[in-house]
Amino acid sequence: MKVRSLLALTITVALVPVVVFFAAPLARLVDAERDAGVRSLQEAARATSVAVDAQWNEAAGLMRALSTSGKLEAEQMEAFAGKAHALMDGRDANLVLYDANGQQRVNTALPEGSVLPDTRAERERIGKLLGTAKVSVTDLMTGPVTRKPMVALEYPFALAEDRHYVMSYAFEAALMAKALPPPDDEGTTYRIYDSKARLIQSNRPQTDIGAPAPPAIAAAMRAGQTGLVPMQEDGYAVLASSRMSNWWVVITAGEDRIDGNARRIALLSGLGLLMALLLAVATAWAISARIAKAIAQTSAAAGAIGSAPPKRPVPSGIAEVDELGESIYQAAHLLAEAAAERERLLVQAQHAREVADAQNRAKDEFLAMLGHELRNPMAPISVAAHMLAMPGLSEQQLRQASAVIARQSSHMNRLVNDLLDVSRVTRGLISLDRKPLSIQPVIASAVEQTGSMAAGQQHTLTVAPMAEELWVNGDAIRLVQVLANLLANAIKYSPPQSEIRIEAVRDGGDLLLTVSDNGSGIEAGLLPRIFDLFSQGVRRPDRADGGLGLGLALVRKIVELHGGSVAAHSEGPGKGSRFAIRLPLHDVQAAASTPG
């Protein structure tokens, strides 16, 4: 056998392991690209399902708020109807209130004051809803007034004196397009189906609302199957279910969306491998003695693909072999970069999902807490209002009812003010009126604001004597708000007859202002997020007043706007807590001596 033929055969045999080692990573890469396309569609479907549920959660929150209306409690239907018409004005939706007999009592689809139709035929359906006592979302239906495809959320609830109602929030199915992304150039289609596999809305024009789902999709819905579903025609579908409405979000895409990248990678990699083999054979006919060493070097580099970081080959002096080695190096380098990029994207996607889940849970907990905190004062206000309407009240009863209304209104006002302050701070709309001020009047004002609250719990507010007068450059109103919030928290979370201590000292170039108590303390797991929005400690049964978890978040934001910091310390539950505010000191004498 000729030398060149032998060299060609040697190179061919040496490259066989290259093909084997290259094929396995290539197969994994192809599978990973296909899995990435599937995951992308699955995440999009889940995100769309969350957007659908968000619309229903908003409607459920609206009806929950309406169900607590004092006008409805007092059976002032005309006044409640006026409130409902005013609330629904400008919304592309209708609100209908049914009593337990199925009779409509309010219908915002009709002009205010109109005679409502006799709907007592709905009594059986309304009775079933009241029996379940659960919020439910209807399937696609035809509106009795508009004669258009509509969907509705039905909210059963009970009031005092064994009065039961069902509130329905209905709007046209076309409005569900708000939860869908706009059409893209890849032919990806988003559709929403009800539990009976009927089309509610699509992000494509000329949507045939009410059309049945394709057989493969309908079968998957009946089986409760989520994820990837192959279509009978070309393409795939990804299904995600809505927890609240029992609807389905379906994304359909062509095969190229899922398999296109994988096929292109396989084709390009195969062509690259084929070119490498042809180049090796051609080189064998052009090289002589040095070919053996070059082949050994190239084979060693190729054998390390996928098992070690790529290393640039040492030049052999043979241009063709060096090019082959460089190609192998580049391929290994690209494979290593692709693996690192996939890992980075996976970690990023997992983190984003964890953040979204945490934010969604925080939102749900906050909405539930807000509804609870706003509803609590409504009951005593309503009772006091009814009491004021009664004839023959004594002066003491009048004063008592007025005091109840004033106290509960003040509580609601504090909640709303906290919400507005957090909104301004997080959007950067708050501005500080900063000027040199002594910290003593700030402490005195905060103690005065919380004194009555402390007296109600028989607490003692102790201000430690100060060795010197300390000045800061700050907004007096906001700093009083910060200290009053910390004192209010200490009062709430301390047992009766506790001592709450306020101390201000110089610490280097900073003012260190501390609020200490011997109350319930802070759990170790809560300390890292105690200043986050909506974070709260566990409420004790004897704590009548609640809160929204906004006070400490406001404290941190306002202190940071002053160029300072705040920290919380606690040895654990039942061992009290200490909050330390650190602010830059203002040198009054230096400022006065500076020419201006």
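Everything below is about the structure shown above.
Within each chain, residue numbers correspond to sequence positions counted from 1 in written order. Only residues with pLDDT of at least 70 get local features here, since the model is predicted, and only at 80 or more are side-chain atom pairs given and counted; chain-wide, interface and lining totals rely on the full set of residues. Excluded from the side-chain calculations are hydrogens and water; all other atoms, namely the structure's heavy atoms, are used.

Enquirer: When you look at empty space enclosed by the protein in this model, what are you seeing that I'm missing?
Expert: Regions of empty space are outlined by a rolling probe, equal in size to a water molecule, passed over the atoms. Cavity and pocket criteria rest on a 1 Å grid covering protein atoms alone: a 1.4 Å probe that fits but cannot get out defines a cavity, protein on both sides within 12 Å along at least 5 of 7 lines defines an open pocket, and an atom within 4 Å of a point defines a lining residue. Grid points are joined across faces, edges and corners, and a volume is the space filled by probe spheres set on the points. Throughout the structure, instances matching the rule amount to three cavities of 30 Å³ or more. Estimates place the volume of the second largest cavity at around 50 Å³. Looking at the second largest cavity, the residues that line it are Ile 439, Val 442, Leu 479, Val 482, Leu 513, Val 559, Ile 581 and Leu 583. Looking at the lining of the second largest cavity, the elements with two or more residues in it are helix 11 (439-456), helix 12 (476-492) and strand 18 (577-584). In this classification, the charged set is Asp, Glu, Lys and Arg, the nonpolar set is Ala, Val, Leu, Ile, Met, Phe, Trp, Tyr, Cys and Pro, and all remaining amino acids, among them Gly, are polar. Across the lining of the second largest cavity, the residue classes tally to eight nonpolar, no polar and no charged. Strands are runs of DSSP state E lasting at least two residues, helices are runs of H or I lasting at least four, and both sets are numbered from the N terminus onward.

Enquirer: Can you walk me through helix 3 (residues 77-88) in this structure?
Expert: Residues three or four positions apart in an α-helix share a direction because the helix packs 3.6 residues into each turn. Here the expected span of a helix is defined as 1.5 Å times the quantity of residues minus one. Taking 1.5 Å of rise per residue, 12 residues should cover 16 Å, and helix 3 covers 16 Å from first to last C-alpha, within 8% of that figure. Type-normalised accessible area, obtained with a 1.4 Å probe on protein chains alone, sets the label of each residue: buried when under 20%, exposed when over 50%, and partly exposed for intermediate values. Among all positions of helix 3, only Met 77, Phe 80, Ala 81, Gly 82, Ala 84, His 85 and Met 88 are buried. Where helix 3 ends, the next residue or the one after it, Gly 90, has phi of about 90 degrees, a positive value.

Enquirer: Looking at this structure, how should I read the packing of helix 12 against helix 13 (residues 551-561)?
Expert: The axes of two packed helices give the description: the angle between them and the distance between them. Axis lines are fitted to C-alpha atoms, over the contacting stretch for helices. Their N-to-C directions set the angle, which ranges from 0 to 180 degrees. At a closest axis distance of 9 Å, the pairing of helix 12 and helix 13 adopts a crossing angle of 145 degrees. For the pair helix 12 and helix 13, the sense of crossing is left-handed. Taking contact as the criterion, the partners of Arg 478, Gln 481, Val 482, Asn 485, Leu 486 and Asn 489 in helix 12 are, on helix 13, Gly 551, Leu 552, Leu 554, Val 555, Ile 558 and Val 559. Taken together, the residues that form the contact of helix 12 with helix 13 break down as seven nonpolar, four polar and one charged. Left-handed describes a crossing whose near helix is turned anticlockwise from the far helix through less than a right angle; right-handed describes the clockwise counterpart. Whether two residues are in contact is decided by their heavy atoms: any pair within 4.5 Å suffices.

Enquirer: I keep staring at the pairing of strand 14 (residues 471-474) and nothing clicks. Help me out?
Expert: Strand residues, when the strand is regular, have side chains that alternate between the two faces of the sheet. Along strand 14, the buried face is formed by Val 472 and Gly 474; none of Trp 471 and Asn 473, which line the opposite face, is buried. Pairs of strands are assigned from DSSP output, requiring at least two bridges between the strands. Of the strand pairs in this sheet, strand 12 (residues 435-438) and strand 14 are connected by four bridges, and their pairing is antiparallel. Residue pairing in the sheet places Lys 435 in a bridge with Gly 474 of strand 14.

Enquirer: Looking at this structure, how should I read the sheet that holds strand 13 (residues 460-463)?
Expert: By definition, the strands of a sheet pair up through backbone hydrogen bonds, in either a parallel or an antiparallel sense. Taken together, five strands build an open sheet; the order of strands is 13-15-16-18-17 and the sheet is mixed. Every interior strand has two partners, whereas the edge strands, strand 13 and strand 17 (565-569), have only one. Each neighbouring strand pair of the sheet contributes to a mean axis angle of 15 degrees, computed without reference to strand direction. Looking at chain direction, strand 15 (residues 499-507) and strand 16 (residues 510-517) are connected through seven bridges and run antiparallel.

Enquirer: What's the story with the packing of aromatic side chains in this structure? I'm lost.
Expert: Each Phe, Tyr or Trp ring, with Trp reduced to its six-membered ring, pairs with another whose centre is within 6.5 Å; inter-plane angles below 30 degrees give stacked pairs, above 60 give edge-to-face pairs, and intermediate values give tilted ones. Counted according to the given criterion, the structure contains six aromatic pairs. Ring geometry for Tyr 155 against Phe 157: centres 5.8 Å apart, planes inclined by 35 degrees, an arrangement best described as tilted. Aromatic side chains Tyr 169 and Phe 171 sit 6.1 Å apart centroid to centroid with 70 degrees between the ring planes, which places their arrangement in the edge-to-face category. Tyr 169 gets classed as buried once you look at its relative accessible area, which sits at 9%. Ring pairing ties together the aromatic residues Trp 56, Tyr 169, Phe 171 and Trp 247, which thus form one cluster. Note on geometry: a ring has a charge over it if NZ (lysine) or CZ (arginine) is within 6 Å of the ring centre and within 35 degrees of the ring normal. Across the ring face of Tyr 98, the terminal group of Arg 125 is positioned such that the distance to the ring centre comes to 5.8 Å.

Enquirer: Even after reading the chapter, I still don't get helix 11, so can you show me in this structure?
Expert: With 18 residues, helix 11 should cover 26 Å at 1.5 Å per step; its first-to-last C-alpha distance of 26 Å lies within 8% of that length. Those residues of helix 11 lying buried are Ile 439, Val 442, Ile 443, Ala 446, Thr 450 and Ala 454. One or two positions beyond helix 11, positive phi appears at Gln 458, with a value near 60 degrees.

Enquirer: Even after reading the chapter, I still don't get the environment of Glu 448, so can you show me in this structure?
Expert: Examined against the element boundaries, Glu 448 turns out to sit in helix 11. Sequence separation of Glu 448 and Ala 484 is 36 residues, and the distance between their C-alpha atoms is 9.0 Å.

Enquirer: Please clarify how the environment of Asp 587 should be interpreted in this entry.
Expert: Considering the arrangement of structural elements, one finds Asp 587 in the loop between strand 18 and helix 14 (588-593). Assessed through its relative accessible area of 48%, Asp 587 is described here as partly exposed. Through-space distance from the C-alpha of Asp 587 to that of Leu 470 is 8.8 Å; in sequence the pair is 117 residues apart.

These results come straight from atomic positions and should not be treated as a statement about function.
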